[in-house]
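# A structural walkthrough
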Amino acid sequence: MRKSIKNIYTYTFIYSFLLLNPIWVIYLLRIGYSLYYVTILDVIFYLTIVLVSLPLGRVTDRIGKKKALMISSVTTGIGIILFGIFTSFLGITLSYILWGIGVAINSSALESLTYDYSKSHNLKYLEIYGAVNFLASLSVAVASIVGGFIGQFFGLKVVIIITGIIVIISTVNTLKIKEKVTANKAVSGGIGYWKFIKERRVFSLLVIRIALILDINMMIIFKQPYYEEMGIGTAIIGIIFFIDVLLRGISSLYTQKLSFIAKDRFNSMLFFTSAIFFTIFIPGIMENYLAIFFLILNSVIFGFYSNILSEEVNVLIPTEIRATVLSVIFLISSLITAIAEPLLGYLATVKGVMYTLLIFSFAFLIMSSSAIFLYIQRKDSDGSFKLRPV
């Protein structure tokens, strides 16, 4: 195996070693923030991503993905350390802003670098990207179980600060990554990437990806209090997260081998979005161990189908604007998350997390159904729209 891809894999594992994964919401609740205020802080995080995604996507395309990942590691790590140090609203806001900038850079840079590398070396993208996501998931899974136990015996603040230090250490691996330099073709700023985004096929796939990212964002923030409502301790929550993230990683790893399942794009859209709906809906009507199974299944489906959508989108985008277009996906999904989270957070505070998941399941259904409708819709020559036969 080529050394550069090994360095990408190692970087992914270290950057993703988030010990705080199973405890960060619980930490905020324990230092006096209600779930509503937790979501308000998350709004700040996602609005930061909204504001910086597009310009940082352009910067990434210009300076290179390797340098972008280096900046991402430092910024993310500092943000997480400050999150563990400050307890005031303003202090945590500052930490979230830095954290959001780091995540925004990483999201488009890592995916874009992986796609460029796989294509320049005649490798199967789903195999390489599946391995990247598997290692990210394995890292988070191991970190979750370790972080859960550290939190229970040494305190949650310790978990958070150690997490930030580990993320900064991932910077070392970015120095070893070799990136192929490509000629920056003249694709005129906004006109260039918006031309690709507005194309019906691309746009429908973007909306589906945005729906999936919104789903995983909501699961990240509501799974912890959902499990705590069931009376589960942080150590056991860490084990549940370990299983959850590990299975998501395994489904991601085997995407290439199982990609035949999604060969029919339209039917796979129907099947996987319907399946995700039920994995949110069922925990919204029953709060028991069966609900835990469906929440884990939600992650497994995301691990597989998000990779399928990633390849479909990347195939359609030129290299010189890839990071920029991918940043648009993250921008829009973050904006929707920023709008939805405080509303759902308030609902969870008033009605409980279970009822909130029920409401969110229908919001996801509406969004994913809209994407499917966009996919089967085509514009006729006279300007009217009609359904495309499938």
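Please read these numbers as outputs of a predicted model, since none were measured by experiment.

## Thoughts on the overall build of the protein chain
- Helix and strand content of the protein chain: 16 helices and two strands.
- Residue burial in the protein chain is summarised as follows: out of 390 residues, 57% are buried.
- Contacts spanning at least 24 positions in sequence make up 84% of the contacts within the protein chain whose residues lie at least 6 apart.
- Summed over its atoms, the accessible surface of the protein chain is roughly 16,100 Å², and 69% of this surface lies on carbon and sulfur atoms.

## Re the environment of tyrosine 37
- Here tyrosine 37 shows up in helix H3 (residues 35-63).
- When its relative accessible area of 43% is taken as the criterion, tyrosine 37 is described as partly exposed.
- The spatial distance from the C-alpha of tyrosine 37 to the C-alpha of phenylalanine 89 is 9.4 Å, given a sequence separation of 52 residues.

## Remarks on the packing of helix H4 (residues 65-85) against helix H5 (residues 89-120)
- Contact geometry of H4 with H5 gives a least axis separation of 7 Å together with a crossing angle of 150 degrees. As far as their axial angle goes, H5 and H4 are roughly antiparallel. Read as a crossing pair, H4 and H5 show a hand that is left-handed.
- Its residues assigned to classes, the contact of H4 with H5 shows 18 nonpolar, eight polar and two charged.

## What about the confidence of the model for the protein chain?
- Confidence along the protein chain averages 82 in pLDDT terms, with 87% of residues attaining 70 or more.
- Element-level mean pLDDT values for the protein chain span from 37 in strand E2 (residues 385-387) up to 94 in helix H7 (residues 156-169).
- In this model, residues 183-191 is a region of pLDDT below 50 whose contacts with residues beyond four sequence positions or in other chains number six contacts.
- Across residues 378-390, where pLDDT falls below 50, the model places 18 contacts with residues more than four positions away in sequence or in other chains.

## What to know about empty space enclosed by the protein
- Inspection of the entire model under this criterion finds one cavity of 30 Å³ or more.
- In this structure, the largest cavity spans a volume of roughly 1,500 Å³.
- The wall of the largest cavity is formed by 49 residues, among which Val103, Ile216, Ile220, Arg248 and Phe330 lie closest to the centre.
- Put simply, the parts of the chain that give the lining of the largest cavity at least two residues each are helix H1 (3-15), H3, H5, helix H6 (125-154), helix H10 (200-229), helix H11 (234-253), helix H14 (289-315) and helix H15 (322-351).
- In terms of residue class, the lining of the largest cavity is built from 27 nonpolar, 16 polar and six charged.

## Section: H6
- Helix length check: H6 (30 residues) gives 41 Å between terminal C-alpha atoms against 44 Å at 1.5 Å per residue, within 8%.
- Along H6, 21 of the 30 residues are buried, which leaves the element largely enclosed by surrounding structure.

## Comments concerning the nonpolar core
- The biggest cluster of nonpolar side chains holds 106 residues, and the ones touching the most others in it are Trp24, Leu28, Phe83, Tyr96, Phe222, Tyr227 and Tyr305.
- Top element by residues in this core is H10. It accounts for 16 residues.
- Leave out the neighbours within four places in its chain, and phenylalanine 222 touches Leu35, Leu344, Gly345, Ala348, Val353, Thr356 and Leu357.

## Description of the environment of leucine 20
- For leucine 20, the location among the structural elements is in the loop between H1 and helix H2 (24-30).
- A relative accessible area of 3% places leucine 20 in the buried class.
- For the pair leucine 20 and valine 140, spaced 120 residues apart in the sequence, the C-alpha separation amounts to 9.2 Å.
- Here leucine 20 is in contact with Ile80, Trp99, Val159, Ile160 and Thr163, once residues within four sequence places are set aside.

What counts as what
- Residues numbered from 1 in each chain as written.
- Predicted model: local features only at pLDDT ≥ 70, side-chain atom pairs only at ≥ 80, totals over all residues.
- Heavy atoms only, no water.
- Helix = DSSP H or I, 4+ residues; strand = E, 2+ residues; numbered from the N terminus.
- Buried < 20%, exposed > 50% of the residue type's maximum accessible area, 1.4 Å probe, protein only.
- Contact = heavy atoms within 4.5 Å.
- Areas by Shrake-Rupley, 256 points an atom, 1.4 Å probe, with all protein chains shown as cover.
- Axes fitted to C-alpha atoms, helices over the stretch in contact; angles between N-to-C directions.
- Parallel < 35°, antiparallel > 145°, perpendicular 65-115°, else oblique.
- Left-handed = near helix turned anticlockwise from the far one by under 90°.
- Nonpolar A, V, L, I, M, F, W, Y, C, P; charged D, E, K, R; others polar.
- pLDDT = per-residue confidence, 0-100.
- 1 Å grid on protein atoms, 1.4 Å probe; cavity = no way out; pocket = protein on both sides within 12 Å on 5 of 7 lines; lining within 4 Å.
- Points joined across faces, edges and corners; volume = space filled by probe spheres on them.
- Expected span 1.5 Å × (residues − 1).
- Core = buried A, V, L, I, M, F, W, Y, C linked by side-chain atoms within 4.5 Å.

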